[in-house]
Protein chains: 8
Amino acid sequence: MTRKLSLTVEGRNVQVHVHAGDLPDAVSFSGPIAVDSETMGLSLQRDRLCLVQLSDGGEHAHIVQIRKGDAEAVRLKAVLADRATLKLFHFARFDLAMIKRDLGVACAPIYCTKIASKLARTYTDRHGLKDVVKEMLGRDLSKEQQSSDWGAETLSDSQIAYAASDVLHLHALKARLDAILIREGRMEMAQACFDFLPTRADLDLAGWENADIFAHG
Amino acid sequence: MTRKLSLTVEGRNVQVHVHAGDLPDAVSFSGPIAVDSETMGLSLQRDRLCLVQLSDGGEHAHIVQIRKGDAEAVRLKAVLADRATLKLFHFARFDLAMIKRDLGVACAPIYCTKIASKLARTYTDRHGLKDVVKEMLGRDLSKEQQSSDWGAETLSDSQIAYAASDVLHLHALKARLDAILIREGRMEMAQACFDFLPTRADLDLAGWENADIFAHG
Amino acid sequence: MTRKLSLTVEGRNVQVHVHAGDLPDAVSFSGPIAVDSETMGLSLQRDRLCLVQLSDGGEHAHIVQIRKGDAEAVRLKAVLADRATLKLFHFARFDLAMIKRDLGVACAPIYCTKIASKLARTYTDRHGLKDVVKEMLGRDLSKEQQSSDWGAETLSDSQIAYAASDVLHLHALKARLDAILIREGRMEMAQACFDFLPTRADLDLAGWENADIFAHG
Amino acid sequence: MTRKLSLTVEGRNVQVHVHAGDLPDAVSFSGPIAVDSETMGLSLQRDRLCLVQLSDGGEHAHIVQIRKGDAEAVRLKAVLADRATLKLFHFARFDLAMIKRDLGVACAPIYCTKIASKLARTYTDRHGLKDVVKEMLGRDLSKEQQSSDWGAETLSDSQIAYAASDVLHLHALKARLDAILIREGRMEMAQACFDFLPTRADLDLAGWENADIFAHG
Amino acid sequence: MTRKLSLTVEGRNVQVHVHAGDLPDAVSFSGPIAVDSETMGLSLQRDRLCLVQLSDGGEHAHIVQIRKGDAEAVRLKAVLADRATLKLFHFARFDLAMIKRDLGVACAPIYCTKIASKLARTYTDRHGLKDVVKEMLGRDLSKEQQSSDWGAETLSDSQIAYAASDVLHLHALKARLDAILIREGRMEMAQACFDFLPTRADLDLAGWENADIFAHG
Amino acid sequence: MTRKLSLTVEGRNVQVHVHAGDLPDAVSFSGPIAVDSETMGLSLQRDRLCLVQLSDGGEHAHIVQIRKGDAEAVRLKAVLADRATLKLFHFARFDLAMIKRDLGVACAPIYCTKIASKLARTYTDRHGLKDVVKEMLGRDLSKEQQSSDWGAETLSDSQIAYAASDVLHLHALKARLDAILIREGRMEMAQACFDFLPTRADLDLAGWENADIFAHG
Amino acid sequence: MTRKLSLTVEGRNVQVHVHAGDLPDAVSFSGPIAVDSETMGLSLQRDRLCLVQLSDGGEHAHIVQIRKGDAEAVRLKAVLADRATLKLFHFARFDLAMIKRDLGVACAPIYCTKIASKLARTYTDRHGLKDVVKEMLGRDLSKEQQSSDWGAETLSDSQIAYAASDVLHLHALKARLDAILIREGRMEMAQACFDFLPTRADLDLAGWENADIFAHG
Amino acid sequence: MTRKLSLTVEGRNVQVHVHAGDLPDAVSFSGPIAVDSETMGLSLQRDRLCLVQLSDGGEHAHIVQIRKGDAEAVRLKAVLADRATLKLFHFARFDLAMIKRDLGVACAPIYCTKIASKLARTYTDRHGLKDVVKEMLGRDLSKEQQSSDWGAETLSDSQIAYAASDVLHLHALKARLDAILIREGRMEMAQACFDFLPTRADLDLAGWENADIFAHG
């Protein structure tokens, strides 16, 4: 069952497709896929995965609702696990852990715009998606619905718009961030960090969520 | 020029060889090498590398004095860079950064008893070498000379004994820690962490020393 | 002596009845009663109870002024102590302690929208009444008069409106929060917490106000 | 398979029985049972239950080793779940959560000497078992083995002695603490706190481990 | 030399008289005098007294400029030291210390609206003059010029208006605060606090500025 | 009923008289009286007064046990309230509040060796009784029994010795501290602080226990 | 290669000249020169110098872009190192360190408006350039572009305007600050501080960046 | 009036001369003089200078008692102000400020072993005199009398020994520290820091005692 909305998200006409339980067969992606997720909260111990949003940078965004107690989602898992397709996240660490915990999928390979921003935008310590999008793309992301009941059976239009908006800018951000990473000679370090992210998520799930495993103390 | 000392370090007779500038040709190691270093302090920006200590777990420990402004040490570098030999450290991150900065060598592959201890000894938050050695091997490491002038041209006997003692227990620790890591199913995560250590050291040298690059904030 | 005001509080016509000293005989409630109180401040040691507000969710709100040194209020106490009627509070712990201290009444049974919100709205850490009402009911509660002289003999109209507004939304909140608690399977834990609230208030009055009695440290 | 040790623990001759996997049929208890547990660490997310220690205050202490991946322990569970027998803990909250998580047993009814100490010994803020035992019973508990590898297949004698010692004093402590609680009129509050402990443990398991659910903020 | 300004300060027509060095003979006050001072900063060790403002609650406010290195001001001192006239301050402690240090005058008797507010307005922790005036008198005090160069030889009109405004409300505040202090039975404690203020200022000048002399630690 | 003990407290033979409920008629004091009290804890809200200790500096120390729910103690109150006799305390603030709360007596006049020490011993921030006695009198006060059950019906000998020892040194301390206060010209400030102490205790009882009423913030 | 912009910066017509790599021969300055720099960030270890801005207080501002890996800039260095010309900075410490590190030039003599402000404007703790300019000159400095990618090859107009604006007010600020420093007798201390600034920058570069070398601890 | 003591301070026979009010004419020094001072405490606002201790490294130490209200000390001042003689301090900043405040003397030139230690001993953050003497000279300094009544008219022998001991090691420390400073190329920075110390002391006296004038914030 899919609900379609034609939304104008940040001045762009986007078709948002909300799918119950899994991606339909008809949906396919080309090139890197921007991925985000929404949960009942930030706790890996408590809060279940509610939505996975995906976009390949085109005019469509797809939102899969994960029903409580039902995490089949065969086609979604196949997309996330497909090693031939780069997945773009902002702060991948959290999404990777949630996806692995509830869908059982090891998502790879990964590009994380938050880590890229930390390595490229040394002139600031503001690396939230809203801040990066504002400075690099000149667009204002609304964060109003960020804290809302993502587990609701029926999402409001503003929830859907918010959920979709988080995957609409990652392709553009990657391009801008890569340019600086290359210019400043930091691409190799960035890549090594991206590659470690699944292990970082595994550490979170295994109980080292609050520890910097590499710290001295 | 090599100075030899026959010391009883922690109830064990050890031949400690202090070499000025580099390892002599005659020295060879078999199997994994325990490595440690001493510096003028903890600052990557300020404090130079003074000593590199090595031991293959046998009756000999080798200490190479790195002279100020002279970091040739061709044979030492070859040993450290030899990809066929596992290097054991305790808190490898710091030593790797110092060695790369002053000797220009990317040390690999790595085993770090501090990270192993964090993943294995979940029942404590004391992962200093002294603590791990005390609990796992039942031996008391003196830390009295830890803060001393390692840049001095002539080291005191107690400095030499202290420097040597830090590489004498790493082989035994690895065995004990591996047993728990395997029993608890954490060897794979540990290995991924060890493999990331050179990048973590590169981040330190590149200016992210005080940041947990994977943190949210 | 009762003062009547016909107020439009948050877009709703409400009859607010301000009673000096006690509820009049004529007032009766049906079903759960929303209860709130206003005091001279937050200190159980220092600040006296000034008002108790009540509403059964209908078009009337009742405010009882507790006069300094006079805490008869026989009818009010009967309502609060009536075990057959559920009392709805937001952060019941404080009100229960104040009511027990100044009116000598053990108020029960209890429903607390703050605890319910903590257990249901895991996606946020904002559980103040204003925040919960804003997100769940879409209404803006003014908090302007929150800090004012509730011990004054004659209350201003804006004080009365503020005092009344805190009991007008609790019935609606309970419905919304229960829906999530049930959906997520947390109703039983919530109920056990509600049932412990009178003991928590007793602990406050007995001198453990600043301690989490269940904490390790 | 049971290993027997005749130990002198704190000047008392005690027979300690270490059972692999479950209590043997032959073991029975009379009256309240002191219970403690040892785990791989303090994390409910990560660290498995290793031992459950029990004593009815007589000359015998029983230690059940819970094997990794095997939590049958039918007889142990029956003892813990037996509503007719009071279980004495020190800081029951942690043990209850661990036992429920790994053995699936809701342990009740409960007496917690830590909560009792907080309510009775108002003249101190030291409520660790070692402190309470020292002041009230005049005995010194060694805490040396507190942090050790409780998941080891073969426990050392000092581990066994340490594990047993934690259940040998709870009966005597209860008597001393009850005397003060009654004298100061706090028995009722203490009982209400004990009764809430299983819910407090459920909250820990459900993801509110770091929250004081009754706090304002 | 006196400069006169006819200002409308907070909706009230006030004649502000700026006197260089001392009050002129012609100025006299009747009843309690509101007093405030402006300095080069908050340090008793460093920042000199620049202005003393006075008002007896009527239509005139007087500002005396204390010239650097000249603290004659015979008439001003006589007014401040006059034991027959109550002096009203907001946070008298600071002004008393500055006045004693630079003018050598022990100012008494004292009424402090900040202490009165702390004892009366238990429902808030905002006891700054701006906050008290706002809530009790419904007026908005501008604090824009609070941090400015009060040592300038020629003050700007907005500086003069700001300096004057701080003494225009203290009489009205005292009336409002006294009413609550009396109602709640706290007048005696307030008076004892006012009487201790000169000693508190002496302690500040003697070197205990950062210590609560009555504290345990 | 009085229990007599002949104790050697800190190398001095002292007759300690433990009186149940009140001082007997036969006891009289000459000159300033050192006073201390022991309670069930530090909370003015929770912990009852258990003992009042008195000594006039001679060979006798008197301890009055205040029974739970019985605070007659007519003779003790008369001694404490006698305005003709100076009472010496260490940290009088706490004892004054406890005595006023439980005995209803306003104790005066007061000398506090803690405040005197703060004003005299500027070379240290250690003003606990143990520290002051150690430095000024060269004696070691044991603090071992400080935290113990002072509400017990029968006190142990070590409790009695501890309780007595706190009033045996105050006369000597006063002499030493006065010498410095006079030498450094601080006697007047000290006296003003002593005189404010009953008000400070009243503020504690009235609910400002955690506030420095003279602070800016 | 020079790019010219005629900008209205804060209500003033200014010709801004952006030079690639170095100042052109034709540019000369008369009197004190205001200097500022922009970098890739705040880290002396990581972030390279991107721009140096200069103005002699007239209608022209010059911006030199330092290209990555190219720090020739012979004419710029000559101007900075010219001991006959006073260089005005705001928080010179940082700029001096960056300039010395990347251009190898010891910049002297120095006037720092931040230190001058700290010594003159004792009535505030806000010594950021924006705050000082606002209060002393009545102008609003935009800080919007402060955090942006100064290493970009082509700067935006708003970046250029921002970079230029930081050197346009320092001459006027110096005049205002000197007046107070002289009036309050602090010019000599200020000068000694200015003279120490190059050493302070050397300490930063040598590894004492986070230490107050004069502190006790 | 001079009191002579022949003391064995740290295993060395030293003649300590305690002079009332000033150095006698007969005393002369050759070469650098180690200087220390003792005061009534650490507050520049409150605590007077009590002693100045001097030693030229030979077998004599001189202690001048500064009497309250009498700071003539003509000969002492001449020695301190003599620009031809280097004065060695440990943490000169404090002593310089105290000496300038109470004796009116600008002490110069200066060598400070604390700053030298910070620049040389980068391997530790322990730069207290006791720590530096322990590590570099292998001697244990007692700090027992550090906090004592230095304003007493008659000092105890242990006070005199303590006061003298602080000037007996500075010559030897300087030699050891200079060796490292030269070896590591930091002598020039150290000298610039020593030269700034009188200004740092002036800033302390002028009211910037708690500020790092060079800090950003």
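Undergrad: Before we move on, could you go through the overall build of chain A and cite the residues and values that matter?
TA: Looking only at helices and strands, chain A features seven helices and seven strands. In sequence order, the secondary structure elements of chain A are arranged as β-β-β-β-β-α-β-α-β-α-α-α-α-α. Along the longest, intermediate and shortest principal axes, the C-alpha atoms of chain A span 45 × 40 × 35 Å. Looking at chain A as a whole, 57% of its 217 residues are labelled buried. Sequence-distant contacts in chain A: of pairs separated by 6 or more residues, those separated by 24 or more amount to 64%. Looking at chain A as shown, the accessible area adds up to about 8,500 Å², and 49% of this sits on carbon and sulfur atoms. In chain A, which carries 27 positive and 30 negative side-chain charges, the distance between the mean positions of the two groups comes to 2 Å.

Undergrad: Explain the packing of aromatic side chains to me, using residue names and the numbers behind them.
TA: The full count for this structure, using the stated rule, is 36 aromatic pairs over all chains. Aromatic side chains F196(C) and F196(D) sit 4.7 Å apart centroid to centroid with 25 degrees between the ring planes, which places their arrangement in the stacked category. With F196(C) in helix α7 (residues 187-208) and F196(D) in helix α7 (residues 187-208), the pair connects residues from two separate chains. Like F196(C), the residue F196(D) is buried in the burial classification. A network of ring pairs unites the aromatic residues F196(A), F214(A), F196(B) and F214(B) as a single cluster. Stacked on the ring of W208(D), the Lys or Arg R46(A) has its end atom at 4.7 Å from the ring centre.

Undergrad: Before we move on, can you summarise the relation of the copies chain E and chain G with the specific residues and values?
TA: Laying chain E over chain G is done by rotating through 90 degrees and shifting 0.1 Å along the axis; what remains is an RMSD of 0.0 Å. What the rotation and shift describe, once combined, is the action of a four-fold rotation axis. Residue G217(E) of chain E places its C-alpha closer to the rotation axis than any other residue of that unit, at 15 Å.

Undergrad: Can you lay out the interface of chain E and chain G for me, pointing to particular residues and giving the numbers?
TA: Tallying the contact residues gives 11 residues for chain E and nine residues for chain G. Interface of chain E and chain G: buried area, both sides summed, is about 850 Å²; carbon and sulfur atoms make up 45% of it. Applying the counting criterion to the chain E and chain G interface returns two salt bridges. At the surface where chain E touches chain G, the tally comes to six residue pairs in polar contact (both at pLDDT 80 or more).

Undergrad: Which residues make up the packing of helix α3 (residues 113-120) of chain E against helix α7 (residues 187-208) of chain E, and what are the values?
TA: Relative orientation and spacing of two packed helices are given, respectively, by the angle between their axes and the distance between those axes. Residue and element names in this part refer to chain E. The interhelical angle for the contact between α3 and α7, taken along N-to-C directions, is 150 degrees, at an axis separation of 10 Å. What the angle tells us is that α3 and α7 run roughly antiparallel. Crossing geometry of α3 relative to α7 is assigned as right-handed. Of the residues in α7, those in contact with I115, A116 and L119 of α3 are M189, A190, C193, F194 and L197.

Undergrad: Summarise helix α2 (residues 92-103) of chain C; cite the residues concerned and give the values.
TA: Residue and element names in this part refer to chain C. End to end, α2 covers 15 Å across 12 residues, agreeing with the expected 16 Å (1.5 Å per residue, within 8%). Here α2 lies mainly inside the structure; nine of its 12 residues are buried. All of the buried residues in α2 are A92, R93, F94, D95, L96, A97, M98, I99 and L103.

Undergrad: Which residues make up the interface of chain B and chain A, and what values do they have?
TA: Of the residues lining the interface, 25 residues belong to chain B; the matching set on chain A comes to 25 residues. Here chain B and chain A share zero salt bridges between them. Our enumeration of links across chain B and chain A arrives at 12 residue pairs in polar contact (both at pLDDT 80 or more). Examining the composition of the side of chain B that touches chain A, we find that 11 residues originate from one element, helix α7 (residues 187-208) of chain B, more than from any other. The residue inventory of the side of chain B that touches chain A, partitioned by class, reads 14 nonpolar, four polar and seven charged.

Undergrad: So, unusual backbone geometry: which residues are in play, and what are the values?
TA: Note that the residue after A108(B), namely P109(B), is joined by a cis bond; omega there is -10 degrees. Relative to the assigned elements, P109(B) resides in the loop between α2 (92-103) and β7 (110-112).

Undergrad: If you had to explain the arrangement of the chains to someone new, which residues and values would you point to?
TA: Contact between chain B and chain C is absent, and the minimum C-alpha spacing across the pair is 17 Å. In this view chain A stays clear of chain H, with the nearest C-alpha atoms of the two still 17 Å from each other.

Undergrad: Before we move on, can you summarise the pattern of salt bridges with the specific residues and values?
TA: The full count for this structure, using the stated rule, is 112 salt bridges over all chains. Notably, a salt bridge pairs R93(E) with D204(E), separated by 2.8 Å at the nearest N-O pair. You can see R93(E) sitting in helix α2 (residues 92-103) and its partner D204(E) sitting in helix α7, a full 111 residues away along the chain. We classify R93(E) as buried; its relative accessible area is 9%. Each of R48(A), D149(A), R183(C) and E184(C) takes part in one network of salt bridges that share partners.

Undergrad: Quick rundown of the state of the cysteines? Include the residues and the values.
TA: Scanning the entire structure with this criterion turns up zero disulfides over all chains. With no disulfide of its own, C50(B) has C107(B) as its nearest cysteine by sulfur position, at a separation of 18 Å.

Undergrad: Please set out the side chain of E38(B) residue by residue, giving values where relevant.
TA: Residue and element names in this part refer to chain B. Residue placement: E38 occurs in strand β3 (residues 33-39). A distance of 3.5 Å separates the side chain of E38 from the side chain of W150, its partner in a polar contact. In this structure, E38 is in contact with L49, C50, L51, Q53, W150, Y162, A163 and D166, ignoring residues within four places of it in sequence.

Undergrad: Any chance you could break down the nonpolar core for me, citing the residues and the numbers?
TA: Counting residues in hydrophobic clusters, the biggest one holds 300 residues, and the most contacted among them are L54(E), L54(F), L54(G) and L54(H). If you look at the next biggest cluster of nonpolar residues, it comprises 151 residues, including L5(A), V14(A), I33(C) and A190(C).

Undergrad: Please give an account of the relation of the copies chain B and chain A that cites residues and values.
TA: When chain B is brought onto chain A, the operation consists of a screw motion whose angular component is 180 degrees and whose axial shift is 0.0 Å, with 0.0 Å RMSD remaining. Such values leave the two copies arranged in the relation of a two-fold axis.

Undergrad: Pulling in residues and values, what's your account of the packing of helix α4 (residues 129-137) of chain C against helix α6 (residues 170-183) of chain C?
TA: All names here are of chain C. At a minimum axis separation of 11 Å, α4 and α6 run at an interaxial angle of 70 degrees. Considering the angle they form, α4 stands roughly perpendicular to α6. The segment α4 lies against α6, with L129, V132, V133, M136 and L137 engaging L170, A172, L173, R176, L177 and I180.

Undergrad: If you had to explain the pairing of strand β3 (residues 33-39) of chain C to someone new, which residues and values would you point to?
TA: All names here are of chain C. Summarising burial for β3: seven of the seven residues are buried, a large majority. The pairing of β3 with strand β6 (residues 87-89) spans two bridges and is parallel. Each bridged residue has a counterpart across the sheet, and for I33 the counterpart in β6 is K87. As defined by bridge partners, β3 adjoins strand β4 (residues 49-55) across six bridges and the pair is classed as antiparallel.

Undergrad: Quick rundown of the environment of V132(G)? Include the residues and the values.
TA: Looking at where V132(G) falls in the secondary structure, it is placed in helix α4 (residues 129-137). Non-local contacts of V132(G), meaning those with residues more than four positions away in its chain, are made with H90(G), S117(G), R121(G), R126(G), H127(G), L137(G) and L173(G).

Parameters and conventions
- Residues numbered from 1 in each chain as written.
- Chains lettered and ligands numbered in written order.
- Predicted model: local features only at pLDDT ≥ 70, side-chain atom pairs only at ≥ 80, totals over all residues.
- Heavy atoms only, no water.
- Helix = DSSP H or I, 4+ residues; strand = E, 2+ residues; numbered from the N terminus.
- Buried < 20%, exposed > 50% of the residue type's maximum accessible area, 1.4 Å probe, protein only.
- Contact = heavy atoms within 4.5 Å.
- Areas by Shrake-Rupley, 256 points an atom, 1.4 Å probe, with all protein chains shown as cover.
- Lys, Arg positive; Asp, Glu negative; His and termini not counted.
- Charge placed at Lys NZ, Arg CZ, Asp CG, Glu CD.
- Phe/Tyr/Trp six-rings, centres within 6.5 Å; stacked < 30°, edge-to-face > 60°.
- Lys NZ or Arg CZ within 6 Å of the ring centre and 35° of its normal.
- Least-squares fit on C-alpha atoms with pLDDT ≥ 70 in both.
- Buried area = accessible area lost by both parts, 1.4 Å probe.
- Salt bridge = Lys/Arg side-chain N within 4 Å of Asp/Glu carboxyl O.
- Polar contact = N/O pair within 3.5 Å; in protein donor to acceptor, adjacent residues only side chain to side chain.
- Axes fitted to C-alpha atoms, helices over the stretch in contact; angles between N-to-C directions.
- Parallel < 35°, antiparallel > 145°, perpendicular 65-115°, else oblique.
- Left-handed = near helix turned anticlockwise from the far one by under 90°.
- Expected span 1.5 Å × (residues − 1).
- Nonpolar A, V, L, I, M, F, W, Y, C, P; charged D, E, K, R; others polar.
- Disulfide = S-S within 2.5 Å.
- Core = buried A, V, L, I, M, F, W, Y, C linked by side-chain atoms within 4.5 Å.
- Pairing = 2+ DSSP bridges.

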